[in-house]
Amino acid sequence: MIETLHSLYKKKHNIVLKTQKQIEGIRQASKIAAKILNLLCKEVKPGITTKELDRLSKELHKMFSAIPASLGYGDPPFPGSICTSINDVICHGIPDDRPLNEGDIVNIDVASIVDGYYGDLSRTVVVGSSTADALRVVGASYESLKAAIQICRPGVKISQIGAAIQLVANATGCSVVHQFVGHGIGCMFHEEPPILHYANKPKVDIVMQPGMTFTIEPMLNLGSPEAVIDKRDHWTARTIDGMLSAQFEHTLLITPTGHEILTLIDAKDAYPGVPELFINQKEL
Ligand code: MF3
Ligand code: CO
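Conventions adopted
- Residues take numbers from 1 onward in each chain, read along the sequence in its written order.
- Chains and ligands are labelled by the order in which they are written, letters from A for the one and numbers from 1 for the other.
- Two thresholds apply to this predicted model, a pLDDT of at least 70 for residue-level local features and 80 or more for giving and counting side-chain atom pairs, whereas whole-chain, interface and lining totals are computed over all residues.
- The side-chain figures draw on all heavy atoms in the structure; neither hydrogens nor water molecules are used.
- The rule for a residue being near a molecule or strand is that one of its heavy atoms must lie within 4 Å of it.
- We define a polar contact as two N or O atoms separated by no more than 3.5 Å, with the added condition that, inside protein, one atom must be a possible hydrogen donor and the other a possible acceptor, whereas residues neighbouring each other in sequence contribute only through side-chain atom pairs.
- Every accessible area reported is derived by Shrake-Rupley at a probe size of 1.4 Å, with residue values counting cover from the shown protein chains alone.
- Cavity and pocket criteria rest on a 1 Å grid covering protein atoms alone: a 1.4 Å probe that fits but cannot get out defines a cavity, protein on both sides within 12 Å along at least 5 of 7 lines defines an open pocket, and an atom within 4 Å of a point defines a lining residue.
- Put plainly, a molecule is in a cavity or pocket when over half of its atoms are within 2 Å of the grid points there.
- Residues were grouped as follows: Ala, Val, Leu, Ile, Met, Phe, Trp, Tyr, Cys and Pro as nonpolar; Asp, Glu, Lys and Arg as charged; and all remaining residues, including Gly, as polar.
- Coordination shells were defined by N, O and S atoms within 2.8 Å of each metal, extended to 3.2 Å for Na, K and Ca; water is absent from the atom set, which can make sites look incomplete.
- Geometry is assigned from the angles between donors: four donors with all angles from 85 to 135 degrees make a tetrahedral site, four or six donors whose opposite pairs exceed 155 degrees while the rest stay between 65 and 115 make square planar or octahedral sites respectively, and everything else is labelled irregular.
- Buried, partly exposed and exposed residues are distinguished by accessible area as a fraction of the type maximum, computed with a 1.4 Å probe on protein chains only: under 20%, between the cut-offs, and over 50%, respectively.
- The axes are straight lines fitted to the C-alpha atoms, using for helices just the contacting stretch, and the angles between their N-to-C directions are given from 0 to 180°.
- Helix and strand assignments come from DSSP, with helices taken as H or I runs of at least 4 residues and strands as E runs of at least 2, each series counted from the N terminus.
- The cut-offs work like this: below 35 degrees is roughly parallel, past 145 is roughly antiparallel, 65 to 115 is roughly perpendicular, and the gaps in between are oblique.
- In this scheme, a crossing is called left-handed if the near helix is turned counterclockwise away from the far one by less than a right angle; it is called right-handed if the turn is clockwise.
- Every residue pair with non-hydrogen atoms within 4.5 Å of one another is taken to be in contact.
- What we call a nonpolar core is a set of buried Ala, Val, Leu, Ile, Met, Phe, Trp, Tyr and Cys residues that are connected through their side-chain atoms within 4.5 Å.
- Aromatic contacts are taken between Phe, Tyr and Trp rings whose centres are within 6.5 Å, Trp giving its six-membered ring; a plane angle under 30 degrees counts as stacked, one over 60 as edge-to-face, and the others as tilted.
- By definition here, charges over rings are those cases where NZ of Lys or CZ of Arg is within 6 Å of the ring centre and within 35 degrees of the ring normal.
- Here the rule is simple: two strands pair whenever DSSP picks up at least two bridges between them.

Things to note about the site of ligand 1
Near ligand 1 you find 14 residues, and of these Met1, Asp109, His183, His190 and Glu217 are the closest. Separating a nitrogen atom of ligand 1 from a side-chain N or O atom of Asp120 is a distance of 3.2 Å. Residue His183 places a side-chain N or O atom 2.7 Å away from an oxygen atom belonging to ligand 1. When isolated, ligand 1 has an accessible area of 330 Å², and the protein chains bury 99% of it. If you map ligand 1 onto the pockets, it falls in the second largest pocket. Of the residues assigned to the shell around ligand 1, the class counts are 6 nonpolar, 4 polar and 4 charged.

A few points about the coordination of the cobalt ion (ligand 2)
At this site the cobalt ion (ligand 2) is bound by Asp120 (OD), His183 (NE2), Glu217 (OE) and Glu249 (OE), with donor distances of 2.0 to 2.3 Å. Here the cobalt ion (ligand 2) binds 6 donor atoms, and the angle range of 70 to 161° at the metal identifies the geometry as irregular. Judged by relative accessible area, Glu217 falls into the buried class, the value being 4%. The exposure class of Glu249 is buried, given its relative accessible area of 0%.

Details of the packing of helix H3 (residues 132-150) against helix H4 (residues 159-172)
Closest axis-to-axis distance for the H3/H4 pair is 8 Å, and the angle between their directions is 150°. Between H3 and H4, the interaxial angle falls into the category roughly antiparallel. Along this stretch, H3 crosses H4, giving a crossing that reads as right-handed. Side by side, H3 and H4 meet where Arg136, Ala140, Glu143, Ser144, Ala147 and Ala148 of the first sit next to Ile161, Ala164, Ile165, Val168 and Thr172 of the second. Taken together, the residues of the contact of H3 with H4 break down into 7 nonpolar, 2 polar and 2 charged.

Details of the nonpolar core
Of all hydrophobic cores here, the largest spans 71 residues; its most connected members are Ile108, Val110, Ile161, Phe214 and Ile216. At the level of secondary structure, the elements contributing two or more residues to this core comprise helix H1 (20-42), helix H2 (50-63), strand E4 (105-114), strand E5 (117-126), H3, H4, strand E9 (213-216) and strand E14 (250-254). When residues of this core are assigned to their parent elements, the largest contribution, 10 residues, is made by H1. Not counting chain neighbours up to four residues away, the residues in contact with Ile216 comprise Leu145, Ala148, Ile149, Cys152, Ile161, Ile165, His197, Phe248, Glu249, His250 and Leu252.

Topic: the packing of aromatic side chains
Under the criterion given, the structure shown has 5 aromatic pairs. Pairing Phe248 with Phe278 gives two aromatic rings, centres 6.0 Å apart and planes at 50°, and the pair type is tilted. In this pair, Phe248 is assigned in the loop between strand E13 (245-247) and E14 and Phe278 in the segment after strand E15 (259-261), connecting sequence segments 30 residues apart. Per residue, the accessibility class of Phe248 equals that of Phe278, and both read buried. Over the ring of Phe278 we find Arg123; its NZ or CZ atom is 5.6 Å from the centre of that ring.

With respect to the pairing of E4
Counting buried positions along E4 yields 10 of 10 residues, so the element is predominantly enclosed. Alignment of strand E1 (residues 67-68) against E4, held across 2 bridges, turns out to be antiparallel. When the sheet's bridge partners are listed, Ile67 is paired in E4 with Ile113. Two strands pair when backbone bridges link them, and E4 and E5 are joined in this way by 10 bridges, in the antiparallel orientation. By the bridge assignment for E5, Ile113 is matched with Tyr118. Connecting E4 to the antiparallel partner E5 that follows it, the hairpin turn spans 2 residues, and Asp115 within it adopts a positive phi of roughly 50°.

Laid out in structure tokens, this is it:
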């Protein structure tokens, strides 16, 4: 989501701590979004177009009695049921007729509404075999999400998420995009608080509490962190220097003892290549 939410830091916070019933709803929506993303990623291969993935996403949403949250979202209304962001596209790429090429990297972002509750996640997939540059930026963004999730538990300040991501970015020589942030989620698509992905010292730091649900969705670039939004479609965000960008995203719940990643798939649905961080390890 776009950084205008930064301004919310200046206002009174309105973070919804979820009830058991809401948590159950968000868990279901998140699970279904994860299943859909998993099935879409399985279809990624040279020659497929992102429009075809979008069509499949619409069918899968119907199958699971879910609504794609992205479709028609915002102003101008987002035209796809998923975001498909290829190579130098940082986020909010619009599905189109261009076939994917060997060596491309593509982020697929699925947000689903089920019974009025929201779940949101994304993965970056390499098409065919990868280049060293692709591996570095995809690996760095994956590790940065993992590091950020690991620190999440009651009592930890929200700014520690950005700190954890920044450490991985610095160690891998990647930059962190500032212009897009993670967000509270659950009863709405975008709730408070905004989740900054870079090292920051907010005036008021929010402390994690049981019942908070939010996304972490770091975007890491090989070159400049700067994003430029397409003047024609008003959505597609690209790196200013044309260099690669990668992103991974999960929806999290803060529990009394730590956290639960809500956007996991069942182990039985995993296929070779599904990153560990996206599989429910408890079932293994
Ligand atoms: N995960 C992204 C976000 O939270 C998905 C946006 S989809 C949009 O901003 F196209 F609807 F914006
Ligand atoms: Co999101």
